[in-house]
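# Examination of the molecular architecture
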Amino acid sequence: MLEIKNLQKTYAGKVEALKGVSLEIGKGMFGLLGPNGAGKSTLMRTIATLQPADSGDIIFDGQSVFESPDALRAKLGYLPQEFGVYPGMSAEALLGHFAILKGITDKQIRQDQVAALLQQTNLYEVRKRAVSGFSGGMRQRFGIAQALLGDPKLVIVDEPTAGLDPEERNRFHNLLSEIGENVIVLLSTHIVEDVEDLCPRMAILAGGTIVQSGICRELMAELDGRIWQKTMPKTDAQNWEAEYQVLSRTLFAGQHRLRVLSEVIPEDGFEAVSPTLEDVYFQALASIRNGD
Amino acid sequence: MFGKLLRFELSFHIRKKSFWLGLLAFGAIGLFFSTTQGRVDTEILINAPSVLVTQMGILSLSIVFVAAFLANAAFLRDGQYRVTQLVWSTPIPRSLLFWSRFLGVFLVASLVFLAAPVGMLVDVLLSVGGSRKTGPVEVFHYVWIYGVLALPTILFSTAVMTVTALFGRHQVAAYTVAIALYLGYFATAFLVGSPMMAGSNPASPDVIAWAAILDPFGLSAYFEQAKGWTIVERNSLLFDLDHIMIKNRVLWLLFALLAITVALLRFGPDLSTKRAPANKTDEIIEVRQVPYQPTRSVLGWPWAIHSTWAMIRMEISFLFRSWPFAAIFVLWCVAITPEMFAILQQSDYSNPHYPTTQALLDRFQFDMLPFFGTAFLIFLAGESVWREKSDRVNQLLGATPIKPLQLFVSRFVALSCLPLILISSAIFLVFSVQLSQGWSDFQPASYLALYLYGGVPLIAVALITLFCQVVASGRYSGMALSAILLAGAAGTLGTRIGLEHPLFRIATVPGLTSSGMTGFDQNNMVFFSYMLFWLSMGGLLSLVTIRYWPKGVTMGLDIFRSKGPQLSKARLISGFVAFGLVFSSGGWIIYQTNVVGGWQSFNEQLAGRADFEQRFGHFSDKAMPSLTAVSTKLDLYPTRHQAEIHGEYLLENRTSIAIEEILIVLGRKATIEDMNIENATIVDFDADTQAWVFKLDTPLQPEQEIQLTFDLRWKQTGFTDLSRSFQLVENGSLIMGPANLPFVGFPEALRMRDSMMRKKSGLKPLSDMPLLETALKGAKYPLPGNYDKVQFETVISTNSDETALAPGNLVRQWSEDGRNYFHYRSSKPITNVPVYVSARYKCLDDQYSTVQLEVCFTDERAANAPNILAAMKDTIEYADRNFGGYPGDVMRAIQVSSLAGINGFAAPNSLLLSENTAFEYDRTATSVLIDQIYRVVAHETAHQWWGHHLVPARSDKFQGSMVLVETLARYSELMMLEHKYGSVETRKWLNFELNRYFRGRGRDTQPEVSLYRVTNQDYLKYSKGAATMYAMKTALGEDAVNQALAGLITKYAVTSSPATSLDLLEELYLVSDQDLHPFIDSWFKEIVHTDLSLKLENMEKEADDKIQLDLSIMVSHKKLDGMGNSVEAMFDGPMTLHFLDEKGDVFHELTVDQAVSNKAISILLRRRPTSVILDPNYRYLDPDRENNTVDIDATGA
């Protein structure tokens, strides 16, 4: 169980990145959604023991992370949003090095795990090549491999599918869902679909605070019967935006498709649709902007 | 468009803090530069053009680094900030982009450097009318120097650094190239004999000319033009564009253009992706499917060690298998290899050395190793500490359980491998040099000692650099901080701001030296104390380093703002231990240095000397008794670095008045057991200097005698009492008097000489030494001499495996209680310059007439002993026959350790030779110019007559006394060389001396004096003196000169009456015709330069195979004053011409008698000469001997 209690973090006295974030996260996949600049990466880094918070606490398995970070690090797997690698080292060697750093000292066990992870991330064939020469997707796969070293009980992945092609993204999703059974996997992203596909529970972080959190199905169910959709020309769409709470406007075959939140049907031509997680997301963001 | 690009570049550079810091730094340096130049009395103006050129020239050396920094910023920033693809997909023409960046760097560098001459100008303007001498302020001078010296250098540096940045693509490349440029500069400066290179000896004129052209900074070209300039010239002449200067500047401008062209061609986007090549694939093997199984991490001590070791291995691989390190390593090898071969070369003053281990190690172990080691560590620490951040691995690493302590240990261990690598490679090179020369005496202990004495300090440096990097929280600021702290260690920086105590010199051990005979023995206590201090200090600082090691995303000081230091038990304990060690070792050092050793800052010393002089200085005007007999009992304990001496001085009143008070000053601090004059009481005692004023119960009447007894104990710790003239150490003990023993009267050596320092300390200015003639008026005869002559006797005891030596005959030698005893007694009175030595000596004997000759040496130095003995014998024979009887029964040549810092030294009946000069010169070397063994031994042996038998009048009261000592010794050595090797070889040596004279007068800051009034100027008493006496020999004949010298001996030495240079002149007058006296005077009493030059006008073959030669002689005969102003004077010859055949033999000699100027000469010869030499016998002081020789080939060219 991961408990985040009222975390606050301000950078250089001006930028308030976290304004009192509290969450409780249990086993399984948990999605953290939020726009760019919401504070997601700050929160991820803080949980991953990379930087301290100004106040608040994080409790993992009953132990405070700030007081004994090493206890968490022994069970942590972290895939940062951006990372580099030591130049000139092969995937096998670098992964082996990190395995040692993470506490796998037995040579045979370590070699086995390195091989297994490289196979799982489909990097086995290029295991002798330098990681610094990998393409973006390969590097991301390497990142997840090193995050899975050892026996992690908390896996944090920060914007993992940015830059992956659809095939890689699928593979990645499959990999994540496999490990998600007995382990807390914290998925931080701004891609709503990823959360929708993988995570039963989620929270929305915007402007440094948690705007909404809960079980995805339940959150979507709250919007049942209140989401309406219609396709119309652009100028009409613009007029509608001024009058109604439009959740999103997308393009569809040259025309604009509006999704609107309303208790009753707004107008002729709108049809009721099932709420998606995206609707939940946009509705949450809209409510902040309106100052709720 | 171009204007806008350029504006962007300029603002890009100017916006940075570093620009303003650079401006400030250069301005400040310019402002304060001249105040750092010595506290010496000088006639040179502070804004003399020569001074301005030198200052700006030295500063221009730093332009290379400025250009490196700026060029990197301009040309590497695309890749660094990853805007390459943005910038290069715009429509801007490539050349515009290049020129805007290039000009940006050039203009900014020029601007930053401009701050320096501006600062210098401001300093001069502020000093006008003050205490420092200023001349008229000419802004044009600054403009000229800036334009001719600085601007081309800036252009060249910018061009080279641009090329480097574009090809190297890495910041480090620029700094590597910068260092290579410096090495090149120092090589040329060395060859040219630039005054900025201590100890440089210029090579042949061709090499010098090339070196001057090849100097990228133009300085060597300037020094070549300005060498030998007098004070007047240095104060007024700006350099002009002579052919060397033009060639130099044009050459480097062309290089700059070439570099710019190459850079322009290369300029382009750097899109190298560093992808691994596709063909480097992995074997297609049976893929063994391994299922993924989570494995629990086991964190405990085994893991901690294992993971730390993994990180050490990785860090070593990153540090040492990288291009920067390869460059560093090459630089190191390139830097020290020439040094080692240098000892196998000859120079003016030394022959090739045997490649002994000590000689080779000394070439780099105390200067280059600490310097390069420190510089490299500063750089590598920057790489090492910030590796995770720059590779952006920090987030991955931060999530692992690795502790900062482990990171620290891995980096520290890896860095410590650098000194290991440097030392091992140096040892390998030393070993190779020795093998290549067929030398087998390897001295492995000295090799291993290098790891200890050279390596351990660098380990302390590594700790400091790591600390600085972490605290400064950035690579470049960390390097800057390290450089500042450790540059303080180099001494100059710290001293300027008053941090003089040796403990402020980070990671250095004061006075660390070693010698072949003694090893590091005398420094051991100091070394271990200081290393314990610095290592534990490093350990203490490392607690901070570890705590704030960059991990995760918080870097360095950033962390200070978050949670404060957490005190774990382990940290507390290690903190206490480290602090305890620092405190105790530091306390021990301070105790030994300040309390026991009486360390004083420079100002305290000054104040002490001033006090001493004010209190006791008046004794130099009072009558003091002279020493007539010295008897000592000296017990040496070299192993304990201790000695005890019991002494008895017999003092006689040789003045005409009664003496009431006697001043005794002890030159070397000792524990005083007893200091006593019979029937006298101590009325004044200064404990700091250890000086006593004894008031006699009854005044000592003329010719009465009185006895002084003393008992002293010495213990040499090495903290403050290391001294060249005093060593108490196994196999190398040396006590040189009279400085270290009780002195009667006020020692002039302790009187402050520098007038600025006297003023600062409140002492009245010293009156200039009166002219010799004035001083002699009213002087009492016999004149006071440099030394008293005494009956000398001593009993020395030392370790059972050592032999002790002192002046005089060995009366008896015995062993007692496991120690060796030696009793020496002089058969005739000797000068009071006792020298006591003790080492594991072996001796070689010979005999000349009644004189017993001995050479004493240690085992490893036996090879040259026979040569030294033979040289000594030859000289004694010559001097005995020509000057007068040898004043003694025994003459010893003794090997002393290099700690004494002497080349050769003459004590009564003995001569000391350093283990690393005469004893180490390779007597089998074939390419030797002059046999330096023979020369040095001849010179020092001659001193037995000149200086000891013949004592000069006190050289602090009478000018010219040193002529009787050093000039006559030079003469003796020249005659010995000529008899053994012939005049052609000897004149090569004379040429060196003449060059030294001309260079020396170009560096003197005081007006030049004529030889007979010399006080202490080396370039006069040695060099001009040698030329003078040789000219006397040419004009008067060797026999006549020797007769004059014999006259000096008979009249003044045998009678123990100190003589002056005028007495020498008298003797020379006596043995020469009246009409030669003006010639003698021109050399001794005036400064006369006679530039003779010879030209071949025509050569014709006559009917009967005879050759008709038409030559013309030009004469420029000048009399000069001390400042360098000259007047043409009448020249009345004679001049000699030598005609040489192909074998170099003189087949015809012609003397031109008439007073002549611009004379044409026709001569008919039997055969064609290959060359004609004007004034071949060095009768005249000719500033340019190149134009005295005309080479004639078959066509008459």
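Below, the structure is looked at part by part. Small disclaimer: the values here were computed from a predicted structure and weren't measured.

With that settled, the discussion passes to the overall build of chain B. Counting its regular elements, chain B contains 36 helices and 29 strands. A compact globule built from 1197 residues should have a C-alpha radius of gyration of about 33 Å, and chain B, at 35 Å, falls within 12% of that. Each of the three principal axes of chain B carries a C-alpha extent, and together these read 105 × 90 × 70 Å. Restricting to contacts in chain B with at least 6 residues of sequence separation, those with at least 24 account for 74%. In the structure as shown, chain B presents an accessible area of about 51500 Å², 59% of it carried by carbon and sulfur atoms. Positive and negative charge centroids in chain B, built from 101 and 113 side chains respectively, lie 13 Å apart.

With that out of the way, let us pick up the overall build of chain A. Helices and strands together make up the secondary structure of chain A, namely 10 helices and 14 strands. Considering only C-alpha atoms, chain A reaches an extent of 70 × 45 × 35 Å along its principal axes. Taking all 292 residues of chain A together, the buried fraction comes to 57%. Long-range pairs, those at least 24 residues apart, make up 67% of the contacts in chain A between residues at least 6 apart in sequence. Of the roughly 12200 Å² that chain A leaves accessible, carbon and sulfur atoms contribute 45%.

So, on to the interface of chain B and chain A. The interface of chain B with chain A comprises 50 residues on the first partner and 52 residues on the second. Each partner contributes to the roughly 4400 Å² buried at the junction of chain B and chain A, and carbon and sulfur atoms together form 58% of this total. Among the residues chain B hides against chain A, the three largest losses belong to Tyr292, Gln395 and Leu396 of chain B. Together they make up 17% of the total. Inspection of the region where chain B meets chain A yields 2 salt bridges. Linking Glu82 of chain A and Arg392 of chain B is a salt bridge whose minimum nitrogen-to-oxygen distance equals 3.7 Å. Where chain B meets chain A, there are 7 residue pairs in polar contact (both at pLDDT 80 or more). Among the secondary structure elements, those contributing two or more residues to the side of chain B that touches chain A are helix H14 (301–320), helix H18 (387–390) and helix H19 (394–398) of chain B.

Residues and elements named next belong to chain B. Here 5 strands make up an open sheet; going across it, the order is S17-S18-S19-S21-S20 and the pairing mixed. Pairing within the sheet leaves two strands with one partner each, and these edge strands are strand S17 (842–848) and strand S20 (904–907). Ignoring strand direction, the axes of neighbouring strands in this sheet form an average angle of 15°. Bridge count between strand S19 (residues 890–896) and strand S21 (residues 910–914): 5 bridges; the pairing is parallel. If you follow Arg892 over to S21, its bridge partner there is Ser910. Each of S17, strand S18 (851–857), S19 and S21 touches helix H29 (residues 865–882); the most contacted strand, S17, lies at about 30° to it.

Moving on, we get to the state of the cysteines. According to the stated counting rule, one finds 1 disulfide over all chains in the structure shown. Take Cys216 of chain A: it sits in no disulfide, and the sulfur closest to it among the cysteines is that of Cys199 of chain A, at 6.5 Å.

Here we take up helix H8 (residues 139–168) of chain B. An α-helical segment advances 3.6 residues per turn. Residues three or four places apart therefore align on the same side. Residues and elements named next belong to chain B. The terminal C-alpha atoms of H8 lie 41 Å apart, and with 30 residues this matches the ideal 44 Å at 1.5 Å per residue to within 8%. Most pronounced at Gly147, the bend in H8 amounts to some 35°. Within H8, 22 of the 30 residues are buried, which leaves it mostly tucked inside the rest of the structure. At the C-terminal side of H8, Arg169 shows a positive phi close to 55°.

Let us now look at the pattern of salt bridges. By the definition in use, this model includes 55 salt bridges over all chains. A salt bridge links Asp151 of chain A to Lys153 of chain A, with the shortest nitrogen-to-oxygen separation between them at 3.6 Å. A residue is classified by how much of its surface remains accessible, and Lys153 of chain A, at 27% relative accessible area, is partly exposed. For Lys633 of chain B, the salt bridge goes to Asp635 of chain B, with nearest N and O atoms at 3.0 Å. Residue classification places Asp635 of chain B among the buried residues on the basis of a relative accessible area of 11%.

Quick look at the environment of Thr158 of chain B now. Residue and element names in this part refer to chain B. On the secondary structure map, Thr158 appears in helix H8. By relative accessible area, Thr158 is classed as buried at 0%. For the pair Thr158 and Ala67, spaced 91 residues apart in sequence, the C-alpha separation works out to 5.3 Å. Those residues in contact with Thr158, other than ones at most four positions away along the chain, are Ala67, Phe102, Val105 and Phe106.

A word on helix H35 (residues 1061–1070) of chain B. All names here are of chain B. Of all the 10 residues making up H35, 8 are buried; the element is thus mostly covered by neighbouring parts of the structure. Within H35 the residues assigned to the buried category are Ser1061, Leu1062, Asp1063, Leu1064, Leu1065, Glu1067, Leu1068 and Tyr1069. Contacts made by the buried residues of H35 are with helix H28 (772–776), helix H31 (961–981), helix H33 (1018–1036), helix H34 (1038–1053) and helix H36 (1077–1084).

About the thresholds
- Residues numbered from 1 in each chain as written.
- Chains lettered and ligands numbered in written order.
- Predicted model: local features only at pLDDT ≥ 70, side-chain atom pairs only at ≥ 80, totals over all residues.
- Heavy atoms only, no water.
- Helix = DSSP H or I, 4+ residues; strand = E, 2+ residues; numbered from the N terminus.
- Rg over C-alpha atoms; globule rule 2.2 N^0.38 Å.
- Contact = heavy atoms within 4.5 Å.
- Areas by Shrake-Rupley, 256 points an atom, 1.4 Å probe, with all protein chains shown as cover.
- Lys, Arg positive; Asp, Glu negative; His and termini not counted.
- Charge placed at Lys NZ, Arg CZ, Asp CG, Glu CD.
- Buried < 20%, exposed > 50% of the residue type's maximum accessible area, 1.4 Å probe, protein only.
- Buried area = accessible area lost by both parts, 1.4 Å probe.
- Salt bridge = Lys/Arg side-chain N within 4 Å of Asp/Glu carboxyl O.
- Polar contact = N/O pair within 3.5 Å; in protein donor to acceptor, adjacent residues only side chain to side chain.
- Pairing = 2+ DSSP bridges.
- Axes fitted to C-alpha atoms, helices over the stretch in contact; angles between N-to-C directions.
- Disulfide = S-S within 2.5 Å.
- Expected span 1.5 Å × (residues − 1).
- Bend = angle between axes of the 7 residues up to and from the residue.

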